[in-house]
Amino acid sequence: RKEVEQDPGPFNVPEGATVAFNCTYSNSASQSFFWYRQDCRKEPKLLMSVYSSGNEDGRFTAQLNRASQYISLLIRDSKLSDSATYLCVVNMGGSARQLTFGSGTQLTVLP
Amino acid sequence: DGGITQSPKYLFRKEGQNVTLSCEQNLNHDAMYWYRQDPGQGLRLIYYSQIVNDFQKGDIAEGYSVSREKKESFPLTVTSAQKNPTAFYLCASTPVHRLGTDTQYFGPGTRLTVL
């Protein structure tokens, strides 16, 4: 079982749609969680940090469910510019060796 | 402007050659990291460094070497011992010693192809 698992997609949605991604993690002692966005052939960039029960930033909402060991990312009113790969990242315990990246979920927003 | 720079953007290497990838940051960050990304996969940690003159192996350090002689610089050498070096290499940094709980800022990456 992968330590951080994501549905690879691709998710193809029309503009204006709401789309949700899930990510599961295997280590119950994981301390912090992040969503990164990665455009094609570019570096990852932080989208949101998820430290407690959830986080909202404009059209983006991240939720954490510690009991079930998953986090989610909800994108409302999706834009063409939201097309990218979304990486789930989990800190397993406070050192660089324990920062684990999911393989990403690819999103394409269609006109 | 502050940031992380990596060079070159594209690099081609013949089998059996060592190559060095550059990573420089002017963010005054303490910790620096090297990752490798293969198509359809997540980032995997190669090496990291918390302070000058100190570094630790990550999950896939075999065939790679690093140095940290200056706070701003963390070059990665891909040696001929690395069996499958073609990949996208990403350098990152964080501002404090507490690794993993702070945002990692990434450079633009170097795409290495072995011919």
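Before any of the text, the structure's been laid out above.
Predicted model only: the values in this text are computed from it and were never measured.

**Looking at the layout of surface pockets**
Next up, step 1: Put simply, the largest pocket is a space of about 580 Å³.
Next up, step 2: Around the largest pocket, the lining comprises 25 residues; the ones closest to its centre are Gln 38 and Thr 85 of chain A together with Gln 37, Pro 39 and Gly 40 of chain B.
Next up, step 3: Elements with a minimum of two residues in the lining of the largest pocket: strand S9 (84-91) and strand S11 (105-110) of chain A together with strand S9 (87-94) and strand S11 (110-114) of chain B.
Next up, step 4: A total of 4 residues in the lining of the largest pocket trace back to one element, the largest contributor, which is S11 of chain A.

**Digging into the pattern of salt bridges**
Next up, step 1: One pass over the full model with this rule turns up 7 salt bridges over all chains.
Next up, step 2: With a closest N to O distance of 2.8 Å, Arg 59 of chain A and Asp 82 of chain A form a salt bridge. With a gap of 23 residues between them, Arg 59 of chain A in the loop between strand S6 (54-57) and strand S7 (60-65) and Asp 82 of chain A in the loop between strand S8 (70-75) and S9 connect regions that are remote in the sequence.
Next up, step 3: Classification of Asp 82 of chain A by relative accessible area gives buried; the value is 2%.
Next up, step 4: Through salt bridges that share partners, Arg 36, Asp 38 and Arg 44 of chain B make up one connected network.

**Focus on the interface of chain B and chain A**
Next up, step 1: Facing the 24 residues of chain B at the interface are 22 residues of chain A.
Next up, step 2: Contact between chain B and chain A buries roughly 1,800 Å² in total, counting both sides, with carbon and sulfur atoms accounting for 54%.
Next up, step 3: Viewed at the interface, chain A and chain B are joined by 0 salt bridges.
Next up, step 4: Summed over the shared surface of chain B and chain A, the number is 2 residue pairs in polar contact (both at pLDDT 80 or more).
Next up, step 5: Elements with a minimum of two residues in the side of chain B that touches chain A: strand S4 (31-37), strand S5 (43-49) and S9 of chain B.
Next up, step 6: Looking at the side of chain B that touches chain A, its residues break down into 11 nonpolar, 10 polar and 3 charged.

**So, the environment of Lys 70 of chain B**
All names here are of chain B.
Next up, step 1: Along the chain, Lys 70 falls in the loop between strand S7 (64-66) and strand S8 (76-78).
Next up, step 2: Exposure remark for Lys 70: the relative accessible area of 46% places this residue in the partly exposed category.
Next up, step 3: Placed 18 residues apart in sequence, Lys 70 and Val 52 show a C-alpha to C-alpha distance of 5.9 Å.

**Details of the sheet that holds S8 of chain B**
Within a beta sheet, neighbouring strands are joined by backbone hydrogen bonds and run either parallel or antiparallel to one another.
All names here are of chain B.
Next up, step 1: Read across the open sheet, the 4 strands follow the order S1-S3-S8-S7; overall the sheet is antiparallel. What marks the edges here is a single partner per strand, and that holds for strand S1 (4-7) and S7. Taking each pair of neighbouring strands and ignoring which way they run, the sheet shows an average axis angle of 20 degrees.
Next up, step 2: Sheet topology places S1 next to strand S3 (residues 19-25); 4 bridges connect them, and they run antiparallel. When the sheet's bridge partners are listed, Ile 4 is paired in S3 with Gln 25.

**A closer look at the sheet that holds strand S1 (residues 4-6) of chain A**
Residues and elements named next belong to chain A.
Next up, step 1: Spatially, 5 strands are ordered S1-S3-S8-S7-S6 in an open sheet, and the strand pairing comes out antiparallel. Every other strand in the sheet has two partners, leaving S1 and S6 as the edge strands with one partner each. On average, each strand axis in the sheet is tilted by 15 degrees relative to the strand beside it, whichever way the strands run.
Next up, step 2: Bridge count for S1 against strand S3 (residues 19-25) is 3 bridges, and the pairing is antiparallel. Pairing of Val 4 across the sheet is with Tyr 25, part of S3.

**Some thoughts on the state of the cysteines**
In protein structure, a disulfide is the covalent linkage between the sulfur atoms of two cysteines.
Residue and element names in this part refer to chain A.
Next up, step 1: Throughout the structure, instances matching the rule amount to 2 disulfides over all chains.
Next up, step 2: Disulfide partner of Cys 23: Cys 88, at an S-S distance of 2.0 Å. Between Cys 23 and Cys 88 the disulfide shows an S-S torsion of about -75 degrees. By sign, it is left-handed. Taken together, the residues span a long stretch of sequence, with Cys 23 in strand S3 and Cys 88 in strand S9 at a distance of 65 residues.
Next up, step 3: Owing to a relative accessible area of 0%, Cys 23 belongs among the buried residues under this scheme.

How each quantity is defined
Residues numbered from 1 in each chain as written. Chains lettered and ligands numbered in written order. Predicted model: local features only at pLDDT ≥ 70, side-chain atom pairs only at ≥ 80, totals over all residues. Heavy atoms only, no water. 1 Å grid on protein atoms, 1.4 Å probe; cavity = no way out; pocket = protein on both sides within 12 Å on 5 of 7 lines; lining within 4 Å. Points joined across faces, edges and corners; volume = space filled by probe spheres on them. Helix = DSSP H or I, 4+ residues; strand = E, 2+ residues; numbered from the N terminus. Salt bridge = Lys/Arg side-chain N within 4 Å of Asp/Glu carboxyl O. Buried < 20%, exposed > 50% of the residue type's maximum accessible area, 1.4 Å probe, protein only. Contact = heavy atoms within 4.5 Å. Buried area = accessible area lost by both parts, 1.4 Å probe. Polar contact = N/O pair within 3.5 Å; in protein donor to acceptor, adjacent residues only side chain to side chain. Nonpolar A, V, L, I, M, F, W, Y, C, P; charged D, E, K, R; others polar. Pairing = 2+ DSSP bridges. Axes fitted to C-alpha atoms, helices over the stretch in contact; angles between N-to-C directions. Disulfide = S-S within 2.5 Å.

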